[in-house]
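If you want the building blocks of each chain, they are given just below.
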Amino acid sequence: MLRSVAILLALLIGGVVCDPVTKFVDCGSKAGKIDSLDVTPCPKIPCELPRGSNAQIKITFTPSENSTSVKAVVHGIVAKIPVPFPLPDTNACDSMAPACPLKAGTQAVYTSTLQVKSSYPAVGVVVKWELADAKEVDFVCLEVPARLV
Ligand SMILES: *[C@@H]1O[C@H](CO)[C@@H](O)[C@H](O)[C@H]1NC(C)=O
């Protein structure tokens, strides 16, 4: 009895603390393969992102080329129109583990924070996140539907 309560508690707490792996659309990753995406908070799709707070994004991918430089480019697509989203740091190598250079075939994890300002309108938005090499070829191109709330 005590044991099943403990398991139930663990499941409940686990469900609150760690969001499941986030579903996404690959929008043309050419120089790599996306292994998984985690957006927090995002208990379900579309991700509901509270305005005036930060969302965390974690992209696990395997590059198919070596690269010393990785650039992050983010767009918010509202009503099919992509709007550039300013990142405080576009050098994705500052947020990469293991550290750059990327090695072909070696999995890498990129983590970043998305500042959802309270001044943003409460709209549905597709977040398009790209990680590109020096020639603007994408290691990662993903789109995840979100809703600013
Ligand atoms: C990446 O670098 C390694 C070690 O320098 C090399 O063996 C490999 O062929 C390179 N891979 C590609 C895809 O350029």
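Conventions used here
- Residues numbered from 1 in each chain as written.
- Predicted model: local features only at pLDDT ≥ 70, side-chain atom pairs only at ≥ 80, totals over all residues.
- Heavy atoms only, no water.
- UniProt positions renumbered as here; feature names shortened; annotations may be inferred.
- Pairing = 2+ DSSP bridges.
- Helix = DSSP H or I, 4+ residues; strand = E, 2+ residues; numbered from the N terminus.
- Near = heavy atom within 4 Å.
- Polar contact = N/O pair within 3.5 Å; in protein donor to acceptor, adjacent residues only side chain to side chain.
- Areas by Shrake-Rupley, 256 points an atom, 1.4 Å probe, with all protein chains shown as cover.
- Disulfide = S-S within 2.5 Å.
- Buried < 20%, exposed > 50% of the residue type's maximum accessible area, 1.4 Å probe, protein only.

- In the annotation of an unreviewed UniProt entry, the entry for the protein reads ML domain-containing protein, and the organism field reads Macrostomum lignano.
- UniProt lists a comment for the protein under the heading Sequence similarities (unreviewed entry), and it reads "Belongs to the NPC2 family."

### Focus: the sheet that holds strand 2 (residues 32-40)
Part 1 of the argument: Taken in spatial order, the four strands of this open sheet run 2-4-8-7, and their pairing is antiparallel. The sheet is open, and its two edges are formed by strand 2 and strand 7 (96-97), each paired on a single side.
Part 2 of the argument: Direction of pairing for strand 7 relative to strand 8 (residues 108-116): antiparallel, over a ladder of two bridges. Bridging across to strand 8, Met-96 finds its partner in Tyr-110.

### Observations concerning the pairing of strand 4 (residues 53-63)
Along any regular strand the residues' side chains alternate between the sheet's two faces.
Part 1 of the argument: Bridge count between strand 2 and strand 4: eight bridges; the pairing is antiparallel. Across the sheet, the residue bridging to Val-39 is Ile-57, located in strand 4.
Part 2 of the argument: Two strands pair when backbone bridges link them, and strand 4 and strand 8 are joined in this way by nine bridges, in the antiparallel orientation. Bridged to Thr-60 within strand 8 is Val-109.

### A word on the site of the ligand
Part 1 of the argument: Taken together, Ser-64, Asn-66 and Ala-104 are the residues near the ligand.
Part 2 of the argument: Asn-66 is positioned such that a nitrogen or oxygen atom in its side chain is 2.3 Å from an oxygen atom of the ligand.
Part 3 of the argument: Relative to its unbound accessible surface of 370 Å², the ligand loses 24% to contact with the protein.

### Observations concerning the state of the cysteines
A covalent bond bridging the sulfur atoms of two cysteines is what the word disulfide describes.
Part 1 of the argument: In total, this model carries three disulfides according to the counting rule given.
Part 2 of the argument: What pairs with Cys-27 in a disulfide is Cys-141, and their sulfur atoms sit 2.0 Å apart. One quick way to see it: the torsion about the S-S bond of Cys-27 and Cys-141 is about -105 degrees, and its sign makes the bridge left-handed. Of this pair, Cys-27 sits in the loop between strand 1 (25-26) and strand 2 while Cys-141 sits in strand 10 (residues 138-148), and the two are 114 residues apart along the sequence.
Part 3 of the argument: Residue classification places Cys-27 among the partly exposed residues on the basis of a relative accessible area of 28%.
Part 4 of the argument: Cys-141 gets classed as buried once you look at its relative accessible area, which sits at 1%.
Part 5 of the argument: Note on cysteine connectivity: Cys-93 is disulfide-linked to Cys-100, with sulfurs 2.0 Å apart. Judged by the sign of its S-S torsion, about -90 degrees, the cystine formed by Cys-93 and Cys-100 is left-handed.
Part 6 of the argument: Residue classification places Cys-93 among the buried residues on the basis of a relative accessible area of 17%.

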